[in-house]
Amino acid sequence: MYGNKGMGSTALKRLMTEYKELTVNAPEGIVAGPVTEENFFEWEALIAGPEGTPYEGGLFSAILTFPRDYPLSPPTMKFTCPMFHPNIYPDGTVCISILHPPGDDPNMYESSSERWSPVQSVEKILLSVVSMLAEPNDESGANIEACKIWRSDREAFNKTVRDSVRQTLGL
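The written sequence of each chain sets the order in which its residues are numbered from 1. Only residues with pLDDT of at least 70 get local features here, since the model is predicted, and only at 80 or more are side-chain atom pairs given and counted; chain-wide, interface and lining totals rely on the full set of residues. The side-chain values count all of the structure's non-hydrogen atoms but skip hydrogen atoms and water molecules.

Residues and numbers for a nonpolar patch on the surface, please.
Nonpolar side chains (Val, Leu, Ile, Met, Phe, Trp, Tyr) within 5 Å and like charges within 9 Å form the patches, drawn only from residues with over 30% relative accessible area and no salt bridge. Methods summary: accessible areas were calculated by the Shrake-Rupley approach with a probe of 1.4 Å, and residue burial reflects only the protein chains presented. Put simply, a salt bridge is a Lys or Arg side-chain nitrogen that is within 4 Å of an Asp or Glu carboxyl oxygen. On the surface, Val31, Leu46, Leu59, Leu169 and Leu171 cluster together to form a nonpolar patch covering roughly 480 Å² of accessible area. For Leu171, a relative accessible area of 75% gives the class exposed. A simple rule labels every residue: compare its accessible area, found with a 1.4 Å probe on the protein chains alone, to the largest value its type can have, and call it buried under 20%, exposed over 50%, or partly exposed in between.

Here it is, written out as structure tokens:
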């Protein structure tokens, strides 16, 4: 019992520190913090679509859910708005190396240096997601339909994304 309490309080201290850092030095186009002050293990993030991509002009909301042993284990991240992207599952869950558990990839696809480690942070996750929006990795697809269209018909892919951006903005 003591071990769990210790882990939770370590995670809580780390999350509070990261939140303070993000409020003071927020990266451009990213806002994130706890959904409520009562629960630091669930954060909401807003990410502006990167310029020069079909996501430009969009504002995308997501939830990050942190495990009690954070930062030893990574959080999960799930968009709460429609997202059409090769590395985002149809249910909104983000599939990106930095959110995969530490250690070697059982599929031999990623090196351990690309995967989660306790030196990573919420800021690094969110910046990685912005990069992922700009440059999808179609070799590791989470949304097979988005991968196929991304590879075969970039114009159709961009139109689908722009339509979802308008939908997200309520236009």
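Provide a residue-level description of the pairing of strand 4 (residues 76-79), including the pertinent values.
Here a strand is any run of E in DSSP of at least two residues, a helix any run of H or I of at least four, and the numbering for each starts at the N terminus. Only one face of strand 4 is buried: it carries Met77 and Phe79, and the other face, with Thr76 and Lys78, is open. Note: strand 3 (residues 59-65) against strand 4, four bridges, orientation antiparallel. Bridging across to strand 4, Ala62 finds its partner in Phe79. Strands pair, by our definition, only if DSSP identifies at least two bridges between them.

Go over the sheet that holds strand 4, please, and point to the residues and values.
Read across the sheet, four strands follow the order 1-2-3-4 without closing on themselves; strand pairing throughout is antiparallel. Two strands in the sheet have a free side with no partner beyond their single neighbour: strand 1 (30-36) and strand 4. With direction set aside, neighbouring strand axes in the sheet form an average angle of 25°. Note: strand 2 (residues 39-48) against strand 3, seven bridges, orientation antiparallel. Bridging across to strand 3, Ile47 finds its partner in Phe60. Residue contacts follow a heavy-atom distance rule, with two residues in contact if any of their heavy atoms lie within 4.5 Å. Lines are fitted to the C-alpha atoms to define the axes, a helix being fitted only along its stretch in contact, and any angle between axes, read from their N-to-C directions, falls within 0 to 180 degrees. Contacts between helix 2 (residues 122-134) and the sheet are confined to strand 1, strand 2, strand 3 and strand 4, with strand 2 contributing the most and set at about 30° to the helix.

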